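# Observations on chain architecture
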Amino acid sequence: MAAHSNRRVTLLCRPTKHLSSGSDPKAYWLVGSPFLPPLTVASLLLRLSSDDLHKESVELRTLIPKGFEVIGALAYGADADAQAAVYAARRLRKLLYGEEEGDNRPVIGAVAAGSGELKFFVSESGKSNSLEEVDSVVEEEHSEKYVWENGCLVRCELPIKLPVYYPLKNTSDVEKAFVRAIEAVVAKLRDSQAVYMLEALNKTSMDLPAPIVIRGGHLDFRADLSNIWPLAEGGDNFDVNSLPCSYFSVISKGSSGFSVENADTIQVSVLFNSLGPSSASAVPVAEYIPAQDEARLLVVDIKLDVLCYASKKLPLRHAVSRLIIPGLADQLNALQNSMLPNLLGQHPQIKPYHFSPPHVLHPITVFYELSFGETEMKQVEVRRSLHTRLGLPFDRPLLRIANALDFSKLKNGGLGSQQKGSTLLRDVHIGIPNSGVSGGSVSLVQGSYEYFHYLQDGFNDSGWGCAYRSLQTIISWFRLQNYSSIEVPSHREIQQSLVEIGDKDPSFVGTRDWIGAIELSFVLDKLLGVTCKVINVRSGAELPEKCRELALHFETQGTPIMIGGGVLAYTLLGVDYNEASGDCAFLILDPHYTGTDDLKKIVNGGWCGWKKAVDSKGKNFFLHDKFYNLLLPQRPNMV
C-alpha cells in the first residue's frame with residue numbers, strides 16, 4: 001500500500017470530461033510547466049501509441065510549446081496501474097528532455113477506475129520505486145488567470161534558405177550533406193557570436209519599452225527553469241542580461257481577459273551577426289575551398305516559427321537559451337526527418353502553425369504540409385488524429401489553417417487581416433436587451449455570422465429577396481467557422497445553382513421569384529455539402545411548441561435557422577425558453593431591413609431582437625393562419 005504524501009495536486013483542467021467519453025482503457029499524458037507550482041496539471045493529452053514511446057515523443061516534442069512539459073501520466077480502466085503510469089511518464093521524459101530530467105523531477109501517476117474516481121500518486125525520483133498517494137487535490141476555478149496572469153508568450157519566426165552542396169557522382173550523399181547543414185544551423189544558434197533582438201509584439205501601446213539585444217556569449221543553456229529569477233528589474237543602470245520578461249509587459253491585468261490570444265507576446269529575431277563590439281581593427285577574409293568533384297547546389301526553403309510560454313519573472317536571456325533555441329532546434333530536426341525521404345524530388349512545403357483550441361489552456365504547434373489541400377485525406381487524417389489527442393469534437397474544423405493564431409493583429413496595432421471582401425456587420429445580436437422571459441434558458445447561435453439584408457451592395461431585392469438574404473447569412477456562418485472558403489453567392493448564383501440541380505427551369509435565373517426552405521436546403525447541399533433538417537408547422541400558433549427542439553439545435557449544432565413558409569422569411573439566432581411555464585421568445589434577425597449598416601439603428605429598430613409569439617399588446621408575431629417551414633442546417637462531420 002502506498003504511503004500518503006502531504007503534496008498537493010492542482011488541476012487546471014477537468015480530467016473527468018476526457019474520461020466520460022467511453023469505457024475503453026485509455027492513457028493520457030499530464031502536462032504542466034516549470035513556471036507553475038509543482039504537480040500542477042494544465043492539460044491532458046491522449047496517448048495515441050500504446051506501444052511506441054519514441055513515436056509519442058516525436059509528435060509531442062513540437063506539439064507542446066516550450067515552457068510546458070509532460071509531468072506525469074493517467075491510466076483509465078479496470079486494470080489501471082499508477083506505477084506503470086509513472087514508469088511510462090519517466091521513460092517519455094527521458095526521450096523528450098534527457099536522462100537527468102527524466103529521473104530527477106517528481107512525476108505524477110494517476111489512475112481512474114471505470115467509475116471515474118480519480119486517485120493521484122507522486123514519485124519523487126526515478127531512482128526509487130516508491131509511490132505516495134496524494135490526498136489533497138484542488139480544482140482551480142480560474143484556470144486561465146492562473147496560467148496567464150503572470151505568464152507571457154515568446155515567439156520567434158526564422159525563415160532559412162539552406163544551401164546544400166552534394167557531388168553529382170554520388171547523389172546519395174545529399175542526405176548526409178543536408179543533415180550536416182541542419183547541424184550547422186543549430187550550432188550557429190548556440191554560437192557565442194549569435195545575436196538576438198527582443199521586442200514587444202503588441203503595437204497598440206504608445207509607450208513601448210525599447211528593444212534589447214542579447215548576445216550568444218551571455219546565454220546559459222543549462223539553467224534550471226524552475227529555479228531562476230531576475231537579478232535586476234530595471235533602473236538607470238540595468239543589465240539587459242538580467243532583465244525579466246515583464247520588461248515587455250504592455251497589457252494591463254484584466255484589461256481584456258486572460259487567454260492565449262490576450263497574452264503579452266515578446267518577439268525574438270535572430271540576427272546571425274558575428275560582429276560584436278571590438279576596438280581591434282579587422283579586415284574581411286574570404287576562404288576558398290575547391291570541390292574535389294563536380295557538385296550541385298540544392299537550396300532548401302525552411303520556415304521555422306516557435307511559440308513558447310514563460311513566466312514574466314524569467315530573465316530574457318534564459319527565455320532565449322532555454323526556450324527559443326531548443327524550440328528552433330526541435331523544429332529543424334522535425335523538418336529534417338520529414339524532408340529527407342524526398343530531398344532531391346519535390347520536397348514537401350512544411351510550415352508550423354499555432355492554435356489555441358477550446359478548453360486547452362496552452363497553445364499547440366502543428367506542422368502542415370502545404371503541398372496538400374486542406375480537404376485531402378492525408379491532411380484530414382492529421383487533423384483527426386490531433387482532435388483525438390486533444391479531446392476535440394469531430395464536427396468542428398478547429399485546427400484548419402484559417403483558425404491559426406493571427407499575430408498580425410498585434411503587429412498592426414490590433415487591426416488584423418479581415419476576411420477577404422467582407423465589410424458587413426457581424427454578430428449583431430451581441431449586447432441586445434434581454435428577452436423578458438422570466439426564468440428562461442437561453443440557447444444561441446454558436447460562432448460568427450454576417451448580417452445580410454435588403455438593398456445591400458446596391459442590389460434592389462426589396463419585397464422578394466428575404467430568403468436569399470437569410471441563405472447568405474447562413475452561408476457566411478459556414479465560411480466564418482471555416483467549413484468552407486467559397487464566396488457568399490449572389491441572388492443570381494443562388495438561382496443558377498437551383499437550375500443546375502434541375503429544381504428550376506433556366507428561365508428562373510434573373511427573376512424576382514421567391515424561394516423557400518426547401519430550395520435553401522438544395523443550395524446548401526450543392527455548394528457546401530451541408531444537410532438540413534426541416535420542421536413543418538401548420539400554424540404560427542404551433543411554433544412555441546417547437547422551442548425545446550430549437551433549443552437542442554442551438555446547443556448541439558449552433559447554426560442559424562431560416563424561418564420561411566407562406567409568409568416572409570427570417571433568420572432565427574436563438575430561443576429563450578422556460579420549460580416549466582412554457583414562456584418563450586425567439587431571437588430574430590430580420591433581412592427586410594433597408595437602411596445602412598448602422599448597428600445602433602438596427603438594434604433600436606428591432607431588426608435584430610427578441611420576439612415573443614404574442615407581444616405585450618396581444619399581437620401575434622407568427623401568424624396563426626399561415627404555415628411555417630424551419631430550415632435547420634446540420635454541422636458537417638468534418639475536422
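Basis of the calculations
Residues numbered from 1 in each chain as written. Predicted model: local features only at pLDDT ≥ 70, side-chain atom pairs only at ≥ 80, totals over all residues. Heavy atoms only, no water. Salt bridge = Lys/Arg side-chain N within 4 Å of Asp/Glu carboxyl O. Core = buried A, V, L, I, M, F, W, Y, C linked by side-chain atoms within 4.5 Å. Buried < 20%, exposed > 50% of the residue type's maximum accessible area, 1.4 Å probe, protein only. Helix = DSSP H or I, 4+ residues; strand = E, 2+ residues; numbered from the N terminus. Contact = heavy atoms within 4.5 Å. Axes fitted to C-alpha atoms, helices over the stretch in contact; angles between N-to-C directions. Parallel < 35°, antiparallel > 145°, perpendicular 65-115°, else oblique. Left-handed = near helix turned anticlockwise from the far one by under 90°. Nonpolar A, V, L, I, M, F, W, Y, C, P; charged D, E, K, R; others polar. Pairing = 2+ DSSP bridges. Patch = residues over 30% accessible without salt bridge, like charges linked within 9 Å, V, L, I, M, F, W, Y side chains within 5 Å. Areas by Shrake-Rupley, 256 points an atom, 1.4 Å probe, with all protein chains shown as cover. Polar contact = N/O pair within 3.5 Å; in protein donor to acceptor, adjacent residues only side chain to side chain. Domains from an automatic or database assignment. Buried area = accessible area lost by both parts, 1.4 Å probe. Arc of directions from axis to C-beta.

Per an unreviewed UniProt entry, the chain carries the name Probable Ufm1-specific protease and comes from Arachis hypogaea.

A few words now on the pattern of salt bridges. Oppositely charged side chains can form a pair if their charged atoms are brought close together. Under the criterion given, the structure shown has 23 salt bridges. Residues joined by salt bridges that share partners form a network here, namely Glu56, Glu59 and Arg389.

Moving on, we get to the nonpolar core. By size, the foremost hydrophobic cluster in this structure holds 100 residues, and its most contacted members are Tyr196, Leu198 and Ile302. For this core, the leading source of residues is helix α7 (residues 316-339), giving 11 residues. Discounting chain neighbours no more than four positions away, the residues touching Leu198 are Pro211, Ile212, Ile214, Phe248, Ile266, Gln267, Val268, Leu316 and Val320. Formed by 66 residues, the second largest nonpolar core is a distinct cluster that contains Leu425, Val428, Tyr451 and Ile474.

The next thing to look at is the packing of helix α2 (residues 53-63) against helix α3 (residues 82-97). Remark: α2 packs on α3, axes separated minimally by 9 Å, with the N-to-C direction vectors making an angle of 55°. Relative to α3, α2 is oriented oblique. As α2 runs across α3, the sense of the crossing is right-handed. Contacts from Leu53, His54, Glu56, Ser57, Leu60 and Arg61 of α2 reach α3 at Ala88, Arg91, Leu92, Leu95 and Leu96. Across the contact of α2 with α3, the residue classes tally to six nonpolar, two polar and three charged.

With mixed pairing, eight strands are arranged side by side in an open sheet as β3-β1-β8-β7-β6-β5-β2-β4. A strand with exactly one partner marks an edge of an open sheet, and here the two such strands are β3 (40-41) and β4 (43-46). Where strand β2 (residues 26-32) meets strand β5 (residues 69-76), seven bridges bridge the pair, whose relative direction is antiparallel. Within β5, the position partnered with Ala27 by the bridge is Ala75.

Taken together, the side chains of Tyr165, Leu297 and Val299 define a hydrophobic patch exposed on the protein surface, amounting to about 300 Å² of accessible area. By secondary structure assignment, the location of Leu297 is in strand β13 (residues 295-311). For Leu297, a relative accessible area of 44% translates into the label partly exposed.

A few words on the packing of helix α10 (residues 466-480) against helix α12 (residues 517-528). Two quantities define a packed helix pair, namely the angle between the axes and the distance from one axis to the other. Viewed as axis vectors pointing N to C, α10 and α12 meet at an angle of 35°, and their least axial separation amounts to 11 Å. Relative to α12, the crossing made by α10 is right-handed. Between α10, through Ala467, Leu471, Ile474, Ile475 and Phe478, and α12, the contact on the second element is made entirely by Leu520, Val523, Leu524, Leu527 and Leu528. Its residues assigned to classes, the contact of α10 with α12 comprises 10 nonpolar, no polar and no charged.

Assignment of secondary structure puts Asp461 in the loop between β16 (441-444) and α10. At 3.1 Å, the side chain of Asp461 and the backbone nitrogen of Leu455 are in polar contact. Side chain to side chain, Asp461 and Arg469 meet in a polar contact 2.7 Å long. In this structure, Asp461 is in contact with Tyr454, Leu455, Arg469 and His491, ignoring residues within four places of it in sequence.

Attention now goes to the sheet that holds strand β9 (residues 151-167). The strand order across the open sheet formed by five strands is β11-β10-β12-β9-β13, and the pairing between neighbours is mixed. The outermost strands of the open sheet, each flanked by one partner alone, are β11 (212-215) and β13. Between one strand and the next, the sheet's axes are offset by a mean angle of 20°, whatever the strand orientation. The pairing of β9 with strand β12 (residues 265-270) spans four bridges and is parallel. Within β12, the position partnered with Val154 by the bridge is Ile266. Against the sheet, helix α6 (residues 173-189) contacts β9, β10 (195-200), β12 and β13, and its axis sits at roughly 140° relative to β9. Sitting on the sheet, α7 touches β9, β10, β11, β12 and β13, and the angle it makes with β13 is about 135°.

The next point concerns the domain arrangement of the chain. In many reports, interface size means the accessible area that the parts give up when they come together. For the chain, the assigned domains read domain 1 (6-146), domain 2 (147-227 + 259-272 + 295-408) and domain 3 (439-631). Centre-to-centre separation of domain 1 and domain 2, based on C-alpha positions: 25 Å. On the side of domain 2, 32 residues touch domain 1, which itself brings 31 residues to the contact. Summed over both sides, the interface of domain 1 with domain 2 buries roughly 2700 Å², with 63% coming from carbon and sulfur.

Moving on to the environment of Cys245. Note on placement: Cys245 falls in the loop between β11 and β12. Distance from Cys245 to Pro636, taken between C-alpha atoms, is 43 Å for residues 391 residues apart in sequence.

This next bit is on helix α13 (residues 547-556). Those residues of α13 lying buried are Cys547, Leu550, Ala551, His553 and Phe554. One side of α13 carries all its buried residues, which in axial view fall inside an arc of 155°. Close packing links the buried residues of α13 with β16, β17 (532-537), β18 (561-565), β19 (570-577), β20 (584-589) and β22 (628-633). Phi turns positive one or two residues past the end of α13, at Gly558, with a value near 75°.

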